[in-house]
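Chain and residue survey
In case you want the letters, here they are:
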Amino acid sequence: MPSGRRSSKRPYGQPHPELDVDRLRAGGSARVETGPGGEEYFVAVPRPSDRTFTCPCCSRDIPGDQQHIVAWATGGLFGEEAAAAARRHWHTACWETFGRSRG
């Protein structure tokens, strides 16, 4: 059961900090891979967290403490920041097989 106190990490009512695309790309040791559909994606292994994510391939939950990957397009119609904001968390096996031919 959650505690009744508020988080001290970000004061209540304050906006979320801006997404730092450079830190996301360089600090997380992201690599470039060809993703589903043949587009180029940055791929990184995130740090463990207490959040739960949903894999876009199988629609199953990914616990934040389970090793998985995060992928986002290297570029996009609305720029790098919009592409990074649209990043998705994938099971590693789902990322490796989704949209790729098997033979």
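Residues numbered from 1 in each chain as written. Predicted model: local features only at pLDDT ≥ 70, side-chain atom pairs only at ≥ 80, totals over all residues. Heavy atoms only, no water.

Digging into unusual backbone geometry
Its identity as a non-glycine residue notwithstanding, S59 has a phi of 60°, on the positive side. Within the secondary structure, S59 sits in the loop between strand 3 (52–54) and strand 4 (61–63). Exposure remark for S59: the relative accessible area of 55% places this residue in the exposed category. (Helix = DSSP H or I, 4+ residues; strand = E, 2+ residues; numbered from the N terminus. Buried < 20%, exposed > 50% of the residue type's maximum accessible area, 1.4 Å probe, protein only.)

Points about the pattern of salt bridges
Considering all chains together, one arrives at one salt bridge under this definition. When the shortest N-O distance is used, the salt bridge between R31 and E33 registers 2.7 Å. Relative accessible area serves as the criterion here: at 39%, R31 is assigned to the partly exposed category. (Salt bridge = Lys/Arg side-chain N within 4 Å of Asp/Glu carboxyl O.)

Here's the deal with the packing of aromatic side chains
In this description, a pair of aromatic rings is defined by centroid distance and the angle of the planes. Counting across every chain of the model gives three aromatic pairs. Aromatic pair Y41 and W95: ring centres 5.4 Å apart, planes at 80°, arrangement edge-to-face. Taken as a pair, Y41 in strand 2 (residues 40–44) and W95 in helix 3 (residues 92–97) lie far apart in primary sequence, 54 residues in all. An identical accessibility class is assigned to Y41 and W95; each is buried. On the numbers, 5.2 Å between centres and 75° between planes, the contact of W90 with W95 is edge-to-face. Every member of this aromatic cluster is reached through a ring pair, and the members are Y41, W90 and W95. (Phe/Tyr/Trp six-rings, centres within 6.5 Å; stacked < 30°, edge-to-face > 60°.)

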